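Tertiary structure, described
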Amino acid sequence: MDLTLSAEDRAFRAEVQAFLTAELPADLAKAGSRCTGIYNDYPEANAWHRILARRGWSVPHWPVEHGGCDWSPIQHYIFDYECASAGAPAITPNATHMVAPVLMAFGTPEQKAQFLPRIASGDDWWAQGYSEPGSGSDLASLRCAAVADGDEYVINGSKIWTTHAHFSNQIFCLVRTAKTDKPQIGISFLVFSLDRPGIEVRPIISISGDHELNEVFFTDARVSRSSLVGEENDGWTVAKYLLQHERSHCWSPLLHARLGRMRQRLADTAGDRHPADQQMLALRMAEIGARLSAFEMCELRMIGGQAEGSPLASGSTSMNKIVGTELRQDMSFLALDIEGSGALPTRSARASHDDAVEAGGIYLNDRAASIYAGTNEIQRTIVATSFLRQWQPG
């Protein structure tokens, strides 16, 4: 595998680095580097999104006709790597990477014209209404109901673990529009604004003290039937399409940036611990670094198309989710050990923003990494099924 960048790609990397030096404000870089959650909060994330939008880089992965960039797969990887290394805020993918591809594939011309430009500009911020109490990885068991009433749907039920719903003005939502023997049939995919009667957003404060998650309650909430994306009762097809995008991003650029900060922190605090402890931590970091390098090679093979047609390609999205989240958890555990027992934060300590409290917050938040976007147990079943289908006789 040739890892040498072409002259064109080296020039592109220099262009991205120059842009980040000139356009990424120090306060946003600090917020990005110290983010203990999955994504930065709306104020920092949206500010960075709008800076990217002014350059034409807020949605580079979109088709060019919708405002995307005509970049190669390796250029997308370079862009993600350089942004992570510079500490750029992590932007929730709900709009740009999840509902936008769905609208492009299944939306009406009116829906595309209404929503896509406002996603690219950052004028709209989106929440994902999938999980419910009792319906997480078993998403097809959802019960939130939408009943047709003339030109409207009347929605009753609730959603849970709804990331950034308190920041969002729009939501894409799976609802049950028919009861059938097969749970996957009778689900519909709706898009609508959250600012309407009958919708209440309640916070869920995580163990790390972060407010990223919410419950959303619908009580006779009315939305237009023009909110339907795709066919009524065939939302499961749309949902599966979206989940592939949710789990398909590259993990290694962000993990490399985090590992670099951990290495620096280990060096900075060497005088605070016994040499034997320092050596043990350095060995653990080397082991994680080796795992990350191997994982990065797999991701580069995927984006370069070298794994197409091989067993590696089948179930690759699920494999990346498993390995990426478990590496993330192991890294946060090591970062916690580097800082020592005082790192686990109380809520009152979160305001200090020191390195120990940051490491503790990341550790606690990352406990959920192997659960969200489909538990790793479910992902392993998908991987096993994909491999076995390829190796069946005949």
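Every chain is numbered independently, its residues counted from 1 as its sequence is written. Reporting of local features is limited, given that this is a predicted model, to residues whose pLDDT is at least 70; pairs of side-chain atoms are given and counted only at 80 or more, and all residues count toward the totals for whole chains, interfaces and linings. To obtain the side-chain values, all non-hydrogen atoms of the structure were used and water was disregarded.

Concerning unusual backbone geometry
For clarity, the cut-off: Each helix corresponds to a stretch of at least 4 residues labelled H or I by DSSP, and each strand to a stretch of at least 2 residues labelled E; elements are numbered beginning at the N terminus. Exposed residues in this analysis have more than 50% of their type's maximum accessible area, buried residues have under 20%, and partly exposed residues fall in between, with area computed by a 1.4 Å probe over protein chains only.
Phi at Trp 161 is positive, roughly 60 degrees, even though this residue is not glycine. Assignment of secondary structure puts Trp 161 in the loop between strand S3 (152-159) and strand S4 (170-176). Of note in this structure, Asn 233 is not a glycine but carries a positive phi near 75 degrees. With respect to the helices and strands, the residue Asn 233 is situated in the loop between strand S8 (228-229) and helix H7 (235-246). Assessed through its relative accessible area of 25%, Asn 233 is described here as partly exposed.

Topic: empty space enclosed by the protein
How we decide: A cavity here means a set of 1 Å grid points, computed over protein atoms only, where a 1.4 Å probe fits but cannot escape. A pocket is an open set with protein on both sides within 12 Å along at least 5 of 7 lines, and lining residues have an atom within 4 Å of a point. Grid points are joined across faces, edges and corners, and a volume is the space filled by probe spheres set on the points. Only Asp, Glu, Lys and Arg are considered charged in this grouping, and only Ala, Val, Leu, Ile, Met, Phe, Trp, Tyr, Cys and Pro are considered nonpolar; every other residue, Gly among them, is considered polar.
Applying the stated criterion to the full structure yields one cavity of 30 Å³ or more. Its boundaries defined by the atoms lining it, the largest cavity holds a volume of some 40 Å³. In terms of lining, the largest cavity is formed by His 49, Ile 91, Thr 92, Ala 95, Thr 96, Ile 119, Gly 122, Asp 124 and Trp 125. Here the lining of the largest cavity is composed, by residue class, of four nonpolar, four polar and one charged.

Some words on the packing of helix H4 (residues 73-86) against helix H8 (residues 252-268)
This is how it is decided: Every axis in this analysis is a line fitted to C-alpha atoms, fitted for helices over the stretch in contact. Angles between the N-to-C directions lie between 0 and 180 degrees. Should an angle fall under 35 degrees it is called roughly parallel, over 145 degrees roughly antiparallel, and 65 to 115 degrees roughly perpendicular, with every other angle called oblique. Here a crossing is called left-handed whenever its near helix is offset anticlockwise from the far helix by less than a right angle, and right-handed whenever the offset is clockwise. A contact between two residues is defined here by any heavy atoms of the two lying within 4.5 Å.
H8 packs onto H4 with a crossing angle of 30 degrees between their chain directions and a minimal axis gap of 8 Å. The pairing of H4 with H8 is recorded here as roughly parallel in orientation. The chirality of how H4 crosses H8 is right-handed. Only Ser 252, Pro 253, Leu 254, His 256, Ala 257 and Arg 261 of H8 make contact with H4, whose side of the interface consists of Tyr 77, Asp 80, Tyr 81, Ala 84 and Ser 85. Class assignment for the residues of the contact of H4 with H8 results in six nonpolar, three polar and two charged.

Some thoughts on the pairing of strand S1 (residues 126-129)
To be explicit about the condition: Two strands pair if DSSP finds at least two bridges between them.
Across the two faces of S1 the burial is the same, with Trp 126 and Gln 128 and Ala 127 and Gly 129 all buried. In the sheet, S1 pairs with S4 via four bridges, with the strands oriented parallel. Among the inter-strand pairings, Ala 127 is bridged to a residue of S4, identified as Ile 171.

Examining helix H12 (residues 376-390)
Note the following rule: How far a helix is expected to stretch is found by multiplying one less than its residue total by 1.5 Å. Note: the arc covers the axis-to-C-beta directions of the helix.
With 15 residues, H12 should cover 21 Å at 1.5 Å per step; its first-to-last C-alpha distance of 21 Å lies within 8% of that length. Residues of H12 that are buried: Asn 376, Gln 379, Val 383, Ser 386 and Phe 387. Viewed end-on, H12 has its buried residues packed into an arc of 95 degrees, placing them on one side of the element. In H12, the exposed positions that point more than 90 degrees away from the buried face belong to Glu 377, Leu 388 and Arg 389. On its buried face, H12 sits against helix H10 (316-339).

A few points about the nonpolar core
We apply this condition: Among buried residues, those of type Ala, Val, Leu, Ile, Met, Phe, Trp, Tyr and Cys that are joined through side-chain atoms within 4.5 Å constitute a nonpolar core.
Of all hydrophobic cores here, the largest spans 29 residues; its most connected members are Tyr 130, Phe 172 and Phe 189. For this core, the elements supplying multiple residues, two or more each, are helix H5 (94-106), helix H6 (109-121), S4, strand S5 (187-193) and H7. Per-element tally for this core: the top contributor is H5, with seven residues. If sequence neighbours within four positions are ignored, Phe 172 has contacts with Asn 94, Met 98, Val 99, Trp 126, Ala 127, Gln 128, Gly 129, Tyr 130, Phe 189, Leu 190, Val 191 and Leu 242. Core analysis: the next-biggest nonpolar cluster, separate from the first, contains 18 residues, Ala 127, Ile 155, Val 216 and Ala 221 among them.

What about the environment of Met 331?
Tracing the backbone shows Met 331 in helix H10. Taking the relative accessible area as the measure of exposure, Met 331 reaches 0% and is therefore buried. Along the chain, Met 331 and Ile 288 lie 43 residues apart, while their C-alpha atoms are 7.2 Å from each other. Every residue in contact with Met 331, bar those within four places of it in the chain, is listed here: Leu 255, Arg 258, Leu 259, Met 262 and Ile 288.

Some points on H8
For H8, spanning 17 residues, the distance from its first C-alpha to its last is 24 Å, which sits close to the expected 24 Å at 1.5 Å a residue. For H8, the set of buried residues is Ser 252, Pro 253, Leu 255, His 256, Ala 257, Arg 258, Leu 259, Met 262 and Leu 266.

A look at the side chain of Asn 94
Rule in force here: Two N or O atoms count as a polar contact when they lie within 3.5 Å, although within protein this holds only if one can serve as hydrogen donor and the other as acceptor, and sequence-adjacent residues are included solely when both atoms are side-chain atoms.
Relative to the helices and strands, Asn 94 is located in helix H5. Residue classification places Asn 94 among the buried positions, given a relative accessible area of 5%. Here Trp 126 takes part through its backbone oxygen, which lies 3.1 Å from a polar atom of the side chain of Asn 94. Not counting residues up to four positions away in its chain, the partners in contact with Asn 94 are Val 99, Trp 126, Ala 127, Gln 128, Thr 163 and Phe 172.

Overview of the side chain of Thr 375
Relative to the helices and strands, Thr 375 is located in the loop between helix H11 (355-365) and H12. Overall, Thr 375 belongs to the buried group, its relative accessible area being 16%. Apart from residues no more than four positions distant in its own chain, Thr 375 is found in contact with Ser 137, Lys 321 and Ser 370.

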